[in-house]
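Tertiary structure, described
Each chain, letter by letter, is given below.
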Amino acid sequence: MQPGETIRILLVDDEPDIIEFLNYNMTKEGYQVYTAVNGREAVEVAARVKPHLIVLDVMMPGMDGIETCEELRKNGLHDETIILFLTARSEDYSQIAGFNAGADDYVTKPVRPKVLISRISALLRRRGKKSMIDVRDSATITDSEIIIDRDRFVVICSGKELELPKKEFELLSLLMSKPGRVFTRNEILRHAWDENTIVGERTIDVHIRKLREKLGQKHIKTVKGIGYRFTAGE
């Protein structure tokens with residue numbers, strides 16, 4: 001985002017009343033708002049207008065929100081786009097599925113407009129700042145067995161190329177940026193999620209478990225009661 005640039009937001013929901021209500025409130029805040037009523041249309045509109053942020057419903061006919069998020073992240077055109085799920089689904093497994101698909105935040109309906117606008121503002125501020133540890137300064141992060149290729153958004157483990165979901169990729173990049181250092185849960189949350197984001201207590205554990213399944217058990221160590229560290233060359 002450039003200084004003074006009008007923020008473009010894409011609203012995706014199959015309920016016209018919700019689209020109209022959110023459109024009114026966000027336009028009033030000075031955002032440039034675009035809309036889509038289903039996942040396929042959302043992908044098409046996003047490709048055309050390149051939104052800074054997408055507010056995405058989960059339960060939609062045809063291509064649901066999870067599938068839409070995965071499709072948006074898959075083509076690499078929207079890596080820097082913030083995706084916020086706004087949905088009536090509040091279960092932990094639904095939230096985890098959303099984050100695994102590449103979402104940046106997850107808000108449950110009903111939500112007051114001022115609260116949602118505040119959440120969006122926080123996400124946009126965070127995106128405008130550098131991360132706590134800016135691992136993007138390097139195109140690659142390497143270990144004796146694992147290479148993170150940030151240009152292609154892939155991980156190479158023991159010669160095998162892996163495509164990780166966005167949150168797993170960010171989490172591994174953070175841990176590998178300083179091998180041996182213990183990253184607390186709060187540090188991990190601040191790096192991979194906005195500090196105002198409310199996620200289930202097991203969300204980090206689920207992402208760690210999935211990374212271990214793909215990379216092997218020896219690379220990421222649990223430091224009980226504190227957090228996790230990446231151990232190089234063990």
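The structure contained in this document is the topic of the report that follows. In this text, all values refer to a predicted model and were calculated from it rather than measured experimentally. (Residues numbered from 1 in each chain as written. Predicted model: local features only at pLDDT ≥ 70, side-chain atom pairs only at ≥ 80, totals over all residues. Heavy atoms only, no water.)

Focus on the overall build of the chain
In terms of helices and strands, the chain carries 8 helices and 12 strands. Split into buried and exposed, the 234 residues of the chain put 49% on the buried side. Intrachain contacts of the chain at a sequence separation of at least 6 include 60% that bridge at least 24 residues. In the structure as shown, the chain presents an accessible area of about 11,700 Å², 49% of it carried by carbon and sulfur atoms. (Helix = DSSP H or I, 4+ residues; strand = E, 2+ residues; numbered from the N terminus. Buried < 20%, exposed > 50% of the residue type's maximum accessible area, 1.4 Å probe, protein only. Contact = heavy atoms within 4.5 Å. Areas by Shrake-Rupley, 256 points an atom, 1.4 Å probe, with all protein chains shown as cover.)

Digging into the pattern of salt bridges
If you walk through the whole model with that rule in mind, you get 12 salt bridges. Between K74 and E71 there is a salt bridge, with its nearest N and O atoms 3.1 Å apart. Of this pair, K74 and E71 are both found in helix 3 (residues 65-74), 3 residues apart, which corresponds to roughly one turn of the helix. What makes K74 exposed here is its relative accessible area of 62%. Look at E71 and you get partly exposed, because its relative accessible area is 22%. We note a salt bridge from D205 to R185, for which the minimum N-O separation is 2.7 Å. A residue pair is termed long-range when its members are at least 10 positions apart, and D205 in helix 8 (residues 203-215) and R185 in helix 7 (residues 185-192) qualify at 20 residues. (Salt bridge = Lys/Arg side-chain N within 4 Å of Asp/Glu carboxyl O.)

Here we look at unusual backbone geometry
A negative phi angle is the norm for most residues apart from glycine, just as the trans form is the norm for most peptide bonds. Residue P110 is bonded to the preceding K109 through a cis peptide linkage, with omega at -5 degrees. Among the structural elements, P110 can be located in the loop between strand 5 (105-108) and helix 5 (113-128). Positive phi values are uncommon outside glycine, yet S158 reaches one of about 55 degrees. Positionally, S158 belongs in the loop between strand 8 (154-157) and strand 9 (160-162). Given the relative accessible area of 56%, S158 is considered exposed.

Let's talk about a negative patch on the surface
A cluster of like negative charges, contributed by D14, E15, D17 and E20, occupies part of the molecular surface. By the secondary structure assignment, E20 is in helix 1 (residues 16-28). A residue is classified by how much of its surface remains accessible, and E20, at 59% relative accessible area, is exposed. (Patch = residues over 30% accessible without salt bridge, like charges linked within 9 Å, V, L, I, M, F, W, Y side chains within 5 Å. Lys, Arg positive; Asp, Glu negative; His and termini not counted. Charge placed at Lys NZ, Arg CZ, Asp CG, Glu CD.)

Some thoughts on the sheet that holds strand 3 (residues 53-56)
If you trace the 5 strands from one edge of the open sheet to the other, you get 2-1-3-4-5, paired in parallel fashion. The two strands at the open ends of the sheet, each matched to only one other strand, are strand 2 (32-36) and strand 5. Strand-to-strand twist of the sheet, defined as the mean angle between neighbouring strand axes without regard to direction, takes the value 20 degrees. Note that strand 3 and strand 4 (residues 82-87) share 4 bridges and pair parallel. What sits directly across from L53, in strand 4, is I82. Sitting on the sheet, helix 3 touches strand 3 and strand 4, and the angle it makes with strand 4 is about 175 degrees. (Pairing = 2+ DSSP bridges. Axes fitted to C-alpha atoms, helices over the stretch in contact; angles between N-to-C directions.)

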